[in-house]
Amino acid sequence: MASDLLNLLFSFQPDLPELQEKLEYDRQARSFVSQLANVSGQHFLKGADTSQDIFEVLNPTVNSIAYTYALQARIVAAGENPKLQKNIPDQLRPGGSVWNKLALFMETFDPVQMRYVGPEWKRLVDYIERVARVMGTPGVAISPIRAGMLRLDRTTGAFTLTHLHFIRLCMETRSYVAALPILDNYIHSLPTTIPKPVLEQLEYSVPGADHTNSGEYIHSRSGHTDKITVADVQEYYLLGAMAYIGLRQFKQAKQFLEHILVTPSSNLANGLMLEAYKKWVLVSCLANGSVPPLPRTVNCAAIKQVRAASRPYEALAEAFTQIHNLPKLKSQANAGKDTWAEDGNTGLVNELRDHQYRVYISRLSRTYSAIPVSNISNFIGGSVDELTHYLEMLTDEGHLNARLERISKPEEIVVLRFFLDPTQGPLAKTEKQQQQALLGQTERTNILAEQVKSADYRLSLTKEYVEHVKRQSKKAAANAAGDAMDTTWGDGVVPEEEDMMADLH
Amino acid sequence: MDSNVEQSPFFQHQKAKGAIVVKDPPKFDLESYISNYDGAARLDRLHHIGASSTYLAIDAYRMAIAEAKRGKNVKLYLDLTEDFSTIAPNDPMASTDMAWAEQKNRAVKEEQDKLEHELKSYKNNLIKESIRMGNEDLGHFYYACGDWTNAHKAYYRMREHCTSNKHLADMTLRLVYVTIAQKAWMGAQSHLLKVDGSQLKGDEKTKLEPIVSACSGLAHMCTGNLLEAANAFIHTSPLYLTLEPAAGIRWQREVISGNDVAVYGGLCALASMDRSELQQQVLSNNDFRNFLELEPHIRRAISLFCNSKYSACLEVLEGYRTDYLLDIHLSKVLPTIYSRIRTKSIVQYFIPFSCVTLDEMNQKFQLTGEYASIEEELEDMINNNILDARIDLVDRLLISPPTNPRYNVHSDALAMAEQYDHTLRLRLTRLNMLSAGLEVRTDKGYNKEGTSTLSEGLGASLRGLGSRMGF
């Protein structure tokens, strides 16, 4: 029996020359998966923890599908849904032998094979998370899950529930930096329904094919994710924005929040949009110095409701932009203390207050080329020494393109001198750097163009679009034929009425 | 006596109100100045000078009271004497002649009754021309009494009884005249447009054009549209100076004189045009030259500005500040005009330099009292994006910032690309959500329990997160 199993396990060799044909690869992979699914878990457990262990025999990179089932069997045997720590055997705890294999597998599996075992992949990822939580150390799950996500889809741009679970873990453990590799990737597609014939019969559309866009093999039928809802997507973006806020990358945070604000809606907003809008107002102030107009694609009626509920925040932003009236922001911030605390935004509001000084000082560079520190302290208060210290911090951290000078002509004074030429000073960018930035941007734009094309393609597969095309062509045919034909009432029923695309659904 | 006038309750009150009070003697002679004007304009100007200049107050009020007594405007006479009695209580003119006032009031009332009665009988006879003239007489009468609103109404009622284009034009001119007296500039502008669009042809039309352009210049200036005012004034034909009365009004004596056109036009142009425009449209403008000859110092100021002698130009203008503050129309907009000219001079002065010391600036541009120091003034100009420069407070320099167009183009391109990129991403997200069937919508039942618990639970978890993040 064991050798039978081994024969079966090795029966799928992705490197075989005849499998280079994508359709053939697809057919074999499918039948292999359905065969494996029928093998009882007991068979996999034979010889566990000995030299005959299946894990030793299988190569996780080459036999990824088989390896998945083997891992699955071990997990099922230990109880897939442990509630207590004592229910988890040592091997499966973080650091245990099977756990290590699982973690290694997440880093090394063959991404193409993994497209065929979506549900199993998802169960493995979920199990990692569950064990880590039950063990009280959710942090240990971050790295294997992230590796698994990146391995499956280099761009991690096809949204799955795993994205949401992952960012939740990161937020709970305050590992914002760890979340960046995933957050920095734009979510270019959401799981949609792709018609079955497209997936099975077309040479370039089967999961095993060389896709440019991961949305074509991670979709609602591939099993990599459960059904997602609006709230899932919004929560992902909100938590992502908070991670960026934690890292003080306010511009990214602002852009993330905007993704929530543009959620399509039938003229009403939900709680997540409200939360997002409040944070968006504050974060825009931190990123831009003022609140920009909302993206044009927002639903106006929904935003109106949200804005009505966010007046204190707008007042705060208004006070922030009055750069020459520093006490106003302070009093506004104090007045709304309870509101900020209730919304969990106290920290951001405090940040806003600090930031206003910084904006004030960087605004000085528009008016002055050099100014004694004592003059600044006349405007904003505080002693010269404190201010000097603060300015030193700002220049060191790269917020100001300026330097502090000490002049001792009549008496010693400290002077803040701004660099007028953008190509000079500590924040200067050379032409080469600029060019590189431009090239980088070009590349990003090209990638985005590809993603747009792919989204367009997916849209063209939807039922609505097909129906639209059908109607259009019918209309065109009617127009073309209109003059020549005898237009009697019976003409409406054309023999070609039957649904040409019906087999797609 | 001067100090008495200055300390008088009237001027104390004016000062407290924030009205303009001028102490220095002006350059003009009141007698000859006022002899340029007739009718309501004369009274109005005298009143304004009396109420603004401590130096001329007594003379101006005396003349105004004497003038008012000759007219029918009893209310104005009473106001004038009341003001005057607080300035110079011992002056013989200061005591109100109540007998005259009562008698005049009665006479006015009688005249009004008579005119209204006449109009009524014309209306019964249904003769259009008579009704029109009846209304016109009533309008003239109200105007003489200083009742602008009723005058306007009476003139306006003429409209449906006008039978020729000439009548229509005359009526509209009358309306312009009343609205100017009312200082209702918006109304004046709309009436002027109607005059301009009237169906008159040939001679009639050319006669009206100078009036329209002078009056619309005045209206634009008083509403603060200096560039439009300048354009209207400088295109006023010199015919204006010798024009015969139109609609029974001698415009150059009863509304604005040729000298006014020169001063108003010159100042508005200085405040709103750049050097080449001034050279081409003002100094080499044959029409306007005739006006400028009346006010040679305005011409001198403009040519000084064009020759980049800004401080000399400002000096000339400063010299006439008192005069212009006593001008009834100019006094309100004068600070704006002067500060515009000044800031423009500073900007123009700075253009050829890469660096100027603040002391030099201070010397070239004497402070006018608006700012405590030249630094503050420059600071304000920079902050308002009028002047492109940076101040070095340490070495006391005004520095022109270096420009690096190549760098700027690169960074602008980058910023723009990022912006577009992000916009596109937002749209793609939206499109994806739509195509995945994700939309915020009202599902009954689900919404009532589902979302509320969801958002509450969510709010709580966010709060927790917020505090944990230290944010």
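Here, the structure is the one placed above.
In what follows, the accompanying structure is described. Just so we're clear, the structure is a prediction, and the values are computed from it rather than from any experiment.

1. A few points about helix α8 (residues 118–134) of chain A
Residue and element names in this part refer to chain A.
Phase 1 of the analysis: Spanning 17 residues, α8 covers 24 Å between terminal C-alpha atoms, matching the ideal 24 Å at 1.5 Å per step.
Phase 2 of the analysis: Counted residue by residue, α8 has 13 buried out of 17 residues, so it is predominantly covered.
Phase 3 of the analysis: Once α8 finishes, Gly 136 follows within two positions and takes phi at roughly 80 degrees, a positive value.

2. Side note on the pattern of salt bridges
Phase 1 of the analysis: Within the structure shown, the criterion is met by 27 salt bridges over all chains.
Phase 2 of the analysis: For B:Glu136, the salt bridge identified is with B:Arg132, shortest N-O distance 3.8 Å. Taken together, the positions of B:Glu136 and B:Arg132, both in helix α8 (residues 128–145) and four residues apart, correspond to about one turn of that helix.
Phase 3 of the analysis: For B:Arg321, the salt bridge identified is with B:Glu318, shortest N-O distance 2.8 Å.
Phase 4 of the analysis: Residues joined in a network through salt bridges with shared partners are A:Lys122, A:Asp126 and A:Asp226.

3. Quick notes on the sheet that holds strand β2 (residues 402–407) of chain A
Phase 1 of the analysis: Spatially, six strands are ordered β2(A)-β3(A)-β1(A)-β2(B)-β3(B)-β1(B) in an open sheet, and the strand pairing comes out mixed. Taken across any chain shown, the strands that pair with only one partner, and hence form the sheet edges, are β2 of chain A together with β1 (355–357) of chain B. Strand after strand, the sheet turns through a mean of 25 degrees between neighbouring axes, direction not considered.
Phase 2 of the analysis: Pairing between strand β1 (residues 368–372) of chain A and strand β2 (residues 390–392) of chain B: two bridges, direction parallel. If you follow A:Tyr368 over to β2(B), its bridge partner there is B:Ile391.

4. So, the nonpolar core
Phase 1 of the analysis: With 266 residues, the main nonpolar core has A:Tyr236, A:Leu391, B:Met221, B:Trp251, B:Leu267, B:Leu330 and B:Ile337 as its most contacted residues.
Phase 2 of the analysis: Considering every element that reaches this core, the biggest residue donor is helix α13 (residues 230–246) of chain A, with twelve residues.
Phase 3 of the analysis: Discounting residues that sit within four places of it in the chain, B:Leu267 has contacts with B:Ile298, B:Leu317, B:Tyr324, B:Leu330, B:Leu334, B:Ile337, B:Tyr338 and B:Ile341.

Definitions and cut-offs
Residues numbered from 1 in each chain as written. Chains lettered and ligands numbered in written order. Predicted model: local features only at pLDDT ≥ 70, side-chain atom pairs only at ≥ 80, totals over all residues. Heavy atoms only, no water. Helix = DSSP H or I, 4+ residues; strand = E, 2+ residues; numbered from the N terminus. Expected span 1.5 Å × (residues − 1). Buried < 20%, exposed > 50% of the residue type's maximum accessible area, 1.4 Å probe, protein only. Salt bridge = Lys/Arg side-chain N within 4 Å of Asp/Glu carboxyl O. Pairing = 2+ DSSP bridges. Axes fitted to C-alpha atoms, helices over the stretch in contact; angles between N-to-C directions. Core = buried A, V, L, I, M, F, W, Y, C linked by side-chain atoms within 4.5 Å. Contact = heavy atoms within 4.5 Å.

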